[in-house]
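Residue-level structural notes
What follows is the residue order along each chain.
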Amino acid sequence: MLQPLARCAGVMLALAAAAVGARPVTYLCDQELEVKVDFTPRKAQLHLRDQDFTMQRVKSARDGHYVNGREQLELIANKSDLRLREGKSELQCKLKVTP
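Residues numbered from 1 in each chain as written. Predicted model: local features only at pLDDT ≥ 70, side-chain atom pairs only at ≥ 80, totals over all residues. Heavy atoms only, no water.

Okay, the pairing of strand S7 (residues 81-86) next. Two strands pair when backbone bridges link them, and strand S6 (residues 73-78) and S7 are joined in this way by six bridges, in the antiparallel orientation. What sits directly across from Leu-73, in S7, is Glu-86. In textbook terms, the turn of a hairpin is the stretch between consecutive antiparallel strands, and for S6 and S7 this stretch comprises two residues, one of which, Lys-79, has a positive phi near 55 degrees. Where S7 lies against strand S8 (residues 89-95), six bridges are found, and the strand directions are antiparallel. Within the sheet, the bridge partner assigned to Asp-81 lies in S8 and is Lys-94. The antiparallel pairing of S7 with S8 creates a hairpin that spans two residues between the two strands, and Gly-87 there sits at a positive phi of about 60 degrees. (Pairing = 2+ DSSP bridges. Helix = DSSP H or I, 4+ residues; strand = E, 2+ residues; numbered from the N terminus.)

See below:
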């Protein structure tokens, strides 16, 4: 009797973990460029200039540090601020608040 109950509990935990999806946010960079990011604990999906990039979270002293070495992208998120590096250029972004 306990084995089916334990299996059911395991399945429910797995489903609950899968349901914790990305939390999308929008940042405004340099007053004109909108950057959308879907954050998960290990990855970020960056939507930039009609393209999507998957970024891996890296261990860092910073709050949220994600990289995509292939595309030379680095994203550092700290509260309502976001710094985005594309190669040698860098954008400073602020969280877009919609009423």
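Spatial strand order, S1-S2-S3-S4-S5-S6-S7-S8: eight strands in a closed barrel with antiparallel pairing. Direction aside, neighbouring strands of the sheet carry axes that sit 30 degrees apart on average. By the bridge criterion, four bridges tie strand S2 (residues 33-39) to strand S3 (residues 43-48) in an arrangement that is antiparallel. Following the sheet pairing, Phe-39 is matched in S3 by Ala-44. (Axes fitted to C-alpha atoms, helices over the stretch in contact; angles between N-to-C directions.)

Counted by the stated rule, this structure contains one aromatic pair. Each ring, one from Phe-39 and one from Tyr-66, has its centre 5.5 Å from the other, and the planes form 50 degrees; the classification is tilted. Of this pair, Phe-39 sits in strand S2 while Tyr-66 sits in strand S5 (residues 64-68); the two residues are 27 residues apart in sequence, bridging distant segments of the chain. On the basis of relative accessible area, Phe-39 is assigned to the buried category, the value being 7%. For Tyr-66, a relative accessible area of 3% puts it in the buried group. (Phe/Tyr/Trp six-rings, centres within 6.5 Å; stacked < 30°, edge-to-face > 60°. Buried < 20%, exposed > 50% of the residue type's maximum accessible area, 1.4 Å probe, protein only.)

A few words on the pattern of salt bridges. Summed over all chains, the structure comprises six salt bridges. A salt bridge links Arg-85 to Glu-90; the nearest nitrogen and oxygen atoms lie 2.9 Å apart. Assessed through its relative accessible area of 29%, Arg-85 is described here as partly exposed. For Glu-90, a relative accessible area of 39% puts it in the partly exposed group. Each of Glu-74, Arg-83, Arg-85 and Glu-90 takes part in salt bridges that share partners, so that together they form one network. (Salt bridge = Lys/Arg side-chain N within 4 Å of Asp/Glu carboxyl O.)

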